[in-house]
Amino acid sequence: TNKPYASKHRHILNNIEEFWFYVQSEVRKLKKSNAVDVDKILDLTSQFKRSLMTDMEELGTLAGGDTLAERQNRRLGELVQARLRHIQNPRDCKTARKVSCQINWACGFGCQLHHVTYCLIIAYATNRTLVLDSTGWNYHSGGWEEMFEPLSQTCRTATEGSVIYWPDHKPDKQIIKLASQTYSLSGPGFIPRAVPQDIAQELIHGEPIVWWVGQIVKYIFKPNAKVRAMLSHHAQQIGFSHPVVGVHIRRTDKGSEAAPHPIHEYMRHVEEYYAQLSLQVNVTERKVYVATDEKGVIMEIRQKYPAYTILGDASTVEAASSDRRYSTAGLLGIITDLYFLSHSDYLVCTFSSQICRIAYELLNTDHRDASLNFKSLDDIWFFAGQRDNIQLAVLDHTPQTADQIELRVGDEVKPAGNHWDGFSRGTNLRTNRHGLYPSFKVISRVETYKFPTYPEVKL
Ligand code: GDP
């Protein structure tokens, strides 16, 4: 498989977007001076960008790299799932080494699901079985299996055996217990952003860490037969079909943590997605699946954007309200929204929300590389409690203004965020200077770790 080609191809696609962000943003500033017909420039640069993106897509298909990469990634995904089934189903539960985790503390479903993800990564890294204790669950007193497939067929208790508490993970003790939602920043090398080395070597993907976290989430987030039946019924009712863009609008209690965004900021990206897509296929209906915790949002979009078919209904919104979400209805609501968001073709949301990040992680477990199929209105993707995200400069940069920083090829940069206007903000670890730099002059460094390779697991 042609990994360098795929990586270069994706890099160019990304840079076309970065270039376009930059031009758009600069020209919008110009518009204020009223001297030129700025709208014409904005319109033509958008057409220019869409045409280039389409050419790149076609180039990828011509080179045949896509199908090869897809086959390779699908096999790797199946391999990881098989390894997880293997560690989760030990022959003798009594003597099996375990990781014991709980989900009965008060945080949202996304936060809990990511905590279980963290636990399963520890289990995979230490060749143990994850045992999930969901008694006293704030979303459902009946526990995890009321909604989801059990994480194991053979081993669901960790009541006997010697115990140590995470981040201690000595191999001689039978059970590693995670006492609470404490992420270990100084933890061992296998916590995110580390990707298993044997997988990273073969994976052809723009964000290997997202793919890896997605595979773990995929193993955990498996609605049971009852919920699956409800989901397929719901899909028929709302007319869920492709192409469709998933939009998550997170408001209510999130206000203190992240700035709320008006509807048009989300819909701008939906419009762009469909403008781009119509160059490639004949789009007859512009469908948008809207998930939100704020009443009135779906109605507002329907009113303001009559050219779009807005999927989503008031019942999940009702159940998502801050005072009602911790209930069976609230749980069904968030499972439904996560399911449809993660089965959309493209996502528009805020990565400050765990729900948005989980939808993106799951989106990337499909065989296609969906690492560019999103717009986050705020953060870049991250895993809570992750080790440093490091970018590498691939081009030199001489600051143009006082708020920009210098880059030299090979510099390590710790990003704080992407402003999605062509610039990112971060700290150059060589100079220790903090400021803005053009996003296209860096690439993300992929962190790897020698996880067990489970040679006994064959596909
Ligand atoms: P975060 O706070 O957005 O990072 O995500 P959490 O999952 O930790 O907490 C938010 C919780 O609010 C979710 O788990 C849901 O219970 C509820 N919620 C937020 N947004 C939505 C939504 O779009 N749909 C539904 N059904 N529930 C939501």
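Quick caveat, the model's predicted, so the values are computed rather than measured.

Considerations on the site of the ligand
Then, in step 1: Near the ligand, the surroundings consist of 21 residues, among which Gly-110, Tyr-139, Arg-250, Asp-337 and Ser-353 are the closest.
Then, in step 2: Between the ligand and the protein, one listed contact pairs an oxygen atom with a backbone N or O atom of Cys-111 at 3.3 Å.
Then, in step 3: One of the side-chain nitrogen or oxygen atoms of His-248 is found 3.1 Å away from an oxygen atom of the ligand.
Then, in step 4: When the free accessible area of the ligand is taken as 560 Å², the share hidden by the protein chains comes to 96%.
Then, in step 5: Mapped onto the shell around the ligand, the elements with two or more residues apiece are helix H4 (109-126), strand S7 (286-292), helix H10 (314-320), helix H11 (328-342) and helix H12 (354-363).
Then, in step 6: A breakdown of the residues in the shell around the ligand according to their chemical character gives seven nonpolar, nine polar and five charged.

Here we look at the pairing of strand S1 (residues 98-102)
Then, in step 1: Within S1, four of the five residues are buried, which leaves it mostly tucked inside the rest of the structure.
Then, in step 2: Pairing of S1 with strand S2 (residues 129-133) involves five bridges; the strand directions are parallel. Within the sheet, the bridge partner assigned to Lys-98 lies in S2 and is Thr-129.
Then, in step 3: The handedness of the S1 to S2 crossover, carried by H4, is right-handed.
Then, in step 4: The sheet contact formed by S1 and strand S4 (residues 175-177) spans three bridges and is parallel. Within S4, the position partnered with Val-99 by the bridge is Ile-176.

Some points on the nonpolar core
Then, in step 1: Ranked by size, the top nonpolar core spans 80 residues in total, and within it Phe-109, Trp-144 and Trp-212 carry the most contacts.
Then, in step 2: The leading source of residues in this core is H4, at eleven residues.
Then, in step 3: Sequence-distant contacts of Trp-144, defined by excluding residues within four places in its chain, comprise Ile-103, Phe-109, Leu-113, Leu-132, Ser-134, Trp-137, Glu-149, Leu-151 and Ile-220.
Then, in step 4: Counting 23 residues, the second-largest nonpolar core is a separate cluster that includes Met-267, Val-297, Tyr-305 and Ile-310.

With respect to the side chain of Ser-152
Then, in step 1: With respect to the helices, strands and loops of the structure, Ser-152 is situated in the loop between S2 and strand S3 (163-165).
Then, in step 2: Of the residues examined, Ser-152 reaches a relative accessible area of 3% and is grouped as buried.
Then, in step 3: Separated by 3.5 Å, the side chains of Ser-152 and Asn-89 make a polar contact.
Then, in step 4: Polar side-chain contacts of Ser-152 include one of 2.8 Å to the backbone nitrogen of Cys-155.

Here's the deal with the packing of aromatic side chains
When we look at a pair of aromatic rings, we describe it by the centre distance and by the angle of the planes.
Then, in step 1: Across all of its chains, the model carries 33 aromatic pairs by this definition.
Then, in step 2: With a centroid separation of 6.0 Å and an interplanar angle of 5 degrees, the aromatic rings of Phe-109 and Phe-148 are classed as stacked. Of this pair, Phe-109 sits in helix H4 while Phe-148 sits in the loop between S2 and S3, and the two are 39 residues apart along the sequence. Phe-148 matches Phe-109 in its accessibility class, with the two residues each being buried.
Then, in step 3: Through successive ring pairs, a cluster of aromatic residues spans Tyr-118, Tyr-124, Trp-166, Phe-190, Trp-212, Phe-383, Tyr-449, Phe-451 and Tyr-454.
Then, in step 4: Against the face of Trp-20 rests Lys-49, its NZ or CZ located 4.3 Å from the ring centre.
Then, in step 5: If you follow Lys-222 out to its NZ or CZ, it ends over the ring of Tyr-219, 3.9 Å from the centre.

Let's talk about the state of the cysteines
Then, in step 1: All told, the structure shown has four disulfides when counted by the stated rule.
Then, in step 2: At a sulfur-sulfur separation of 2.0 Å, the disulfide partner of Cys-107 is Cys-111. Around the S-S axis, the bridge from Cys-107 to Cys-111 shows a dihedral of about -90 degrees and counts as left-handed.
Then, in step 3: Judged by its relative accessible area of 12%, Cys-107 falls in the buried class.
Then, in step 4: Since its relative accessible area comes to 10%, Cys-111 is described here as buried.
Then, in step 5: The connectivity of the disulfide bonds within the chain can be written as 1-6, 2-5, 3-4, 7-8, using the sequence rank of each bonded cysteine.

Definitions and limits used
- Residues numbered from 1 in each chain as written.
- Predicted model: local features only at pLDDT ≥ 70, side-chain atom pairs only at ≥ 80, totals over all residues.
- Heavy atoms only, no water.
- Near = heavy atom within 4 Å.
- Polar contact = N/O pair within 3.5 Å; in protein donor to acceptor, adjacent residues only side chain to side chain.
- Areas by Shrake-Rupley, 256 points an atom, 1.4 Å probe, with all protein chains shown as cover.
- Helix = DSSP H or I, 4+ residues; strand = E, 2+ residues; numbered from the N terminus.
- Nonpolar A, V, L, I, M, F, W, Y, C, P; charged D, E, K, R; others polar.
- Buried < 20%, exposed > 50% of the residue type's maximum accessible area, 1.4 Å probe, protein only.
- Pairing = 2+ DSSP bridges.
- Right-handed = clockwise from strand over helix to strand, strands pointing away.
- Core = buried A, V, L, I, M, F, W, Y, C linked by side-chain atoms within 4.5 Å.
- Contact = heavy atoms within 4.5 Å.
- Phe/Tyr/Trp six-rings, centres within 6.5 Å; stacked < 30°, edge-to-face > 60°.
- Lys NZ or Arg CZ within 6 Å of the ring centre and 35° of its normal.
- Disulfide = S-S within 2.5 Å.

Coordinates in, geometry out; function isn't part of it.
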